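# Breakdown of the fold
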Amino acid sequence: MKKLLLITFLFAATLPVSAQNFWQSFYYEPGFDFGHYTPFSDKHKYIADYHHYGFDLRLGKGHQGLLIGYTHNTLDSVIYYTHEGNRYGPIGECFSLAYFVDDHIYKGKRWSFDFDIIFGADLWTRHGNEMLGSALNFHVSFDLGPTIRLSDQLDAAIRYGYYHSSNGATFLPDNGINSHFLRLALRYHPNGQTEVIQPDNQPFKKKNNFMISEGIGWLQTYTRLEGQLPNETPFFIGNTLRFGFSRQFHPRFRWDVAIDLLWTDETRYCHQLANEPYSFWNSTHLAASADFEVLFGRFAFCAGAAYYLYHGSKLLPEFYTPYYERVGYKFYLGEKRNHFIGTFMKIHLNSIDYIEWTYGLLF
């Protein structure tokens with residue numbers, strides 16, 4: 001798991017950039033953020049009374065870059081699972097390393113209204129508690145707000161955002177840390193501000209493609225946690241095979257529709273607990289799905305939803321809903337950008353099912 005996270009992150013950090021004007025467009029942005037936790041269930045309502053604050057440094061070029069951050073948490077009453085019994089304690093500190101992309105919703109002469117999409121890894125100093133089952137977790141956050149030009153070299157930014165950290169159900173418990181925050185930052189351009197992305201001299205041509213992708217993942221299950229420690233709970237395989245149609249209708253936007261054929265070994269465990277017979281086909285699911293992409297060169301941020309058309313069994317985990325969501329990212333590869341790798345979270349409302357490590361083709 002750690003190697004996969006590292007490989008994916010390093011790949012993101014090596015997206016193509018123009019070496020010729022790198023230093024002309026380079027900037028760094030120190031920032032301070034203050035936030036409150038967002039409970040995902042009634043039993044966690046108490047966390048809304050606690051807050052966190054932290055500092056980060058963004059090193060960027062144009063519309064992408066690297067984030068290094070530290071967060072201090074005041075949440076001090078989560079349950080810890082130990083061999084000696086449960087106890088209470090703080091969730092600890094968080095150190096973040098992430099990749100970000102940003103862009104303008106509106107751009108004027110003296111100010112702009114911008115958004116940021118950030119993803120990467122979080123390292124927590126405490127884990128094995130009710131919120132976090134592992135030290136290493138995914139970092140996903142979004143923010144938006146105005147950027148005010150103070151001079152040719154200096155900007156001030158105000159952002160309001162949402163933050164999530166979890167391991168994608170690879171280690172339980174995995175309620176995750178969720179919060180909303182306010183960020184204040186100064187952005188310094190050592191060589192002044194220049195426009196990095198030049199207009200394309202060639203007119204954009206809309207693209208239509210058939211699509212196929214394969215995503216595999218693994219998870220621990222919430223189906224049974226009755227006294228045993230989370231690290232004693234077995235692992236199960238999940239798989240998502242998608243067939244569909246993709247259309248890029250704008251240099252920055254693409255959508256797709258597909259049929260999802262899913263298989264999860266977690267169903268076998270449900271049958272064992274119910275003393276019911278089981279076959280391979282009991283673990284199959286069929287769904288209709290649609291995704292929307294925001295493109296930044298070869299990188300794409302993706303969000304979508306799907307509705308189940310068929311279940312191979314009536315014995316399903318209790319968090320399953322008639323629909324599910326998918327959030328993640330892709331990197332398009334090749335000269336024609338006709339295949340991709342990516343990571344997606346398959347989510348049933350507030351509960352993640354598993355992380356899909358995906359490879360796909362457009363043809």
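Quick caveat: nothing in here was measured; it's all calculated off a predicted structure.

Further remarks concern the nonpolar core. By size, the foremost hydrophobic cluster in this structure holds 19 residues, and its most contacted members are Leu262, Ala287, Tyr308, Tyr324, Met345, Ile352 and Ile355. At the level of secondary structure, the elements contributing two or more residues to this core comprise β8 (136–149), β15 (299–311), β17 (339–348) and β18 (351–362). Beyond its immediate chain neighbours, meaning those up to four positions away, Ala287 contacts Ala258, Ile259, Asp260, Leu262, Ala306, Tyr307, Tyr308, Leu309 and Tyr324. Core analysis: the second largest hydrophobic core is formed by 13 residues, Tyr37, Tyr80, Met131 and Tyr163 among them.

The next subject is the layout of surface pockets. Taken as a whole, the second largest pocket holds about 760 Å³ of empty space. What lines the second largest pocket is a set of 27 residues, among which Phe40, Asn175, Asn350, Ser351 and Ile352 lie closest to the centre. At the level of secondary structure, the elements contributing two or more residues to the lining of the second largest pocket comprise β8, β9 (154–166), β17 and β18. Element by element, the count of residues in the lining of the second largest pocket is highest for β9, at 3 residues. For the lining of the second largest pocket, the class distribution of residues is 15 nonpolar, 8 polar and 4 charged.

This part takes up the sheet that holds β8. Strand pairing within a sheet occurs via backbone hydrogen bonds; the two strands may be parallel or antiparallel. One closed barrel holds the 8 strands; their spatial order is β1-β2-β3-β6-β7-β8-β9-β10, and the pairing between them is antiparallel. Strand-to-strand twist of the sheet, defined as the mean angle between neighbouring strand axes without regard to direction, takes the value 25°. The pairing of strand β1 (residues 26–37) with strand β2 (residues 51–61) spans 11 bridges and is classified as antiparallel. The residue bridging Gly35 from the neighbouring strand is His52, located in β2.

Another point: the sheet that holds strand β12 (residues 235–250). A barrel is described by the order of its strands in space; here 8 strands give the closed sequence β11-β12-β13-β14-β15-β16-β17-β18, paired in antiparallel fashion. Between one strand axis and the next, the sheet turns through 25° on average, direction left out of account. Across 12 bridges, β12 lies against strand β13 (residues 253–264) in antiparallel orientation. Of the residues in β13, the one forming a bridge with Leu241 is Leu261.

Rules used throughout
Residues numbered from 1 in each chain as written. Predicted model: local features only at pLDDT ≥ 70, side-chain atom pairs only at ≥ 80, totals over all residues. Heavy atoms only, no water. Core = buried A, V, L, I, M, F, W, Y, C linked by side-chain atoms within 4.5 Å. Buried < 20%, exposed > 50% of the residue type's maximum accessible area, 1.4 Å probe, protein only. Helix = DSSP H or I, 4+ residues; strand = E, 2+ residues; numbered from the N terminus. Contact = heavy atoms within 4.5 Å. 1 Å grid on protein atoms, 1.4 Å probe; cavity = no way out; pocket = protein on both sides within 12 Å on 5 of 7 lines; lining within 4 Å. Points joined across faces, edges and corners; volume = space filled by probe spheres on them. Nonpolar A, V, L, I, M, F, W, Y, C, P; charged D, E, K, R; others polar. Pairing = 2+ DSSP bridges. Axes fitted to C-alpha atoms, helices over the stretch in contact; angles between N-to-C directions.

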